[in-house]
Protein chains: 2
Amino acid sequence: MHQKIEAILPQITFNEQGLVPVIAQDFATSEVLMMAWMNREAIEITLKTGKVHYWSRSRQALWHKGETSGHFQQLKGFTIDCDGDTVLIKVDQTGPACHTGERSCFFNKIPL
Amino acid sequence: MHQKIEAILPQITFNEQGLVPVIAQDFATSEVLMMAWMNREAIEITLKTGKVHYWSRSRQALWHKGETSGHFQQLKGFTIDCDGDTVLIKVDQTGPACHTGERSCFFNKIPL
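Per chain, residues are indexed from 1 in the order of the written sequence. Starting at A for chains and at 1 for ligands, labels are handed out in the order in which the entities are written. With the structure being a predicted model, the display of local features is reserved for residues of pLDDT at least 70 and the display and counting of side-chain atom pairs for 80 or more, all residues being used for whole-chain, interface and lining totals. To obtain the side-chain values, all non-hydrogen atoms of the structure were used and water was disregarded.

(A) View of the sheet that holds strand 2 (residues 32-38) of chain A. Taken in spatial order, the five strands line up as 2(A)-1(A)-6(A)-5(A)-7(B) in an open sheet, and their pairing is mixed. A single partner strand is all that each edge strand has here, and the edge strands are strand 2 of chain A together with strand 7 (108-110) of chain B. Geometrically, the sheet is characterised by an average inter-axis angle of 30° between neighbouring strands, direction not taken into account. Note: strand 1 (residues 20-26) of chain A against strand 2 of chain A, six bridges, orientation antiparallel. When the sheet's bridge partners are listed, Pro21 of chain A is paired in strand 2 of chain A with Trp37 of chain A. Strands pair, by our definition, only if DSSP identifies at least two bridges between them. Here a helix means four or more residues in a row that DSSP labels H or I, a strand means two or more in a row labelled E, and each is numbered from the N terminus. All axes here are fitted lines through C-alpha atoms, helices being fitted over the stretch that makes contact, and every angle between N-to-C directions spans 0 to 180 degrees.

(B) Main features of the layout of surface pockets. Both cavities and pockets are sets of points on a 1 Å grid over the protein atoms alone; in a cavity a 1.4 Å probe fits but cannot get out, in a pocket the set is open with protein on both sides within 12 Å along at least five of seven lines, and lining residues sit with an atom within 4 Å of a point. Grid points are joined across faces, edges and corners, and a volume is the space filled by probe spheres set on the points. Estimated volume of the largest pocket: approximately 1,200 Å³. Lining the largest pocket are 50 residues; nearest its centre among them are Met35, Ala36, Trp37 and Arg57 of chain A together with Asp85 of chain B. When residues in the lining of the largest pocket are grouped by element, the largest group, four residues, is from strand 2 of chain A. Throughout, the ten residues Ala, Val, Leu, Ile, Met, Phe, Trp, Tyr, Cys and Pro are labelled nonpolar, Asp, Glu, Lys and Arg are labelled charged, and all others, Gly among them, are labelled polar. Each residue belonging to the lining of the largest pocket can be placed in one class, and the counts come to 21 nonpolar, 18 polar and 11 charged. In this model, the second largest pocket occupies a volume close to 690 Å³. Around the second largest pocket, the lining is made up of 27 residues, and of these Asp83 of chain A together with Met34, Ser58, Trp63 and His99 of chain B lie nearest the centre. Here the element with the most residues in the lining of the second largest pocket is strand 2 (residues 32-38) of chain B; it accounts for four residues. Among the residues making up the lining of the second largest pocket, the classes are represented as 11 nonpolar, nine polar and seven charged.

(C) Molecular detail of the interface of chain B and chain A. In this complex, chain B contributes 37 residues to the contact, which on the side of chain A involves 37 residues. Buried surface area refers to the total accessible area, computed with a probe of radius 1.4 Å, that the two partners give up upon joining, counted for both partners together. Here chain B and chain A share an interface that buries about 3,100 Å² over both sides, 69% of which is from carbon and sulfur atoms. Of all residues in chain B, Phe106, Ile110 and Leu112 of chain B bury the most surface against chain A, accounting for 22% of the area lost on that side. For this analysis, a salt bridge means a side-chain nitrogen from Lys or Arg found within 4 Å of a carboxyl oxygen belonging to Asp or Glu. Counting across the chain B and chain A interface gives two salt bridges. The salt bridge involving Asp85 of chain B is made with Arg57 of chain A; its shortest N-O contact spans 3.3 Å. N or O atoms within 3.5 Å of each other form a polar contact, as long as, within protein, one can give a hydrogen and the other can take it, and as long as residues adjacent in sequence are counted only when both atoms are side-chain atoms. Connecting chain B to chain A are 12 residue pairs in polar contact (both at pLDDT 80 or more). Counting only elements with at least two residues in the side of chain B that touches chain A, the list comes to strand 1 (20-26), strand 2, strand 5 (73-80), strand 6 (87-93) and strand 7 of chain B. Top contributing element to the side of chain B that touches chain A by residue count: strand 5 of chain B, with six residues. Across two bridges, the pairing between strand 7 (residues 108-109) of chain A and strand 5 of chain B is antiparallel. What sits directly across from Asn108 of chain A, in strand 5 of chain B, is Ile80 of chain B. Pairs of residues are marked as contacts when any of their non-hydrogen atoms sit within 4.5 Å.

Written out as structure tokens, the structure reads:
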């Protein structure tokens, strides 16, 4: 990284729970795979290791994506939005991103 | 729409503030343009009219995207994620999506 993590974290606005929403997009196809949350620790570990970590709100624990499923995400890009309250990451997704086995969590398409 | 709005809304899990995060993606290029929030009313109006409406958390008001800037979003797709707590929309974006004049709100790219 060209910027130190200590310089990146202050650019991010965390919510009252200390979390920021993170959109994961396939780095090759641009498909949006999932949306999850990170806290400061998850961001630090993700940036340091290149292995994507989230904060699991249901388990209230750091969540190394793929740790149990093998469906890891390798970090390929990290972008903060204009007001700092959302992060977009590009990832190299091993296998499906969704726990249902679908490639993307966004498969319930409403016909317009 | 093939499904009635009354059948779509129960598929969505709103947070304690009655809101759901919505990712807007360019329908042609797949670029992620912004992330904002909708309440039930914003979803209903968006689905009924095809003109994307959000809920402005700062103004605490319904927000017809483009109403003041002219940078409207025409709805092209509406997908709910696996656990119903995030929405992904595809849009035809007139002009820039971001209030800064950038095409996408995600322009603060951290070099890895």
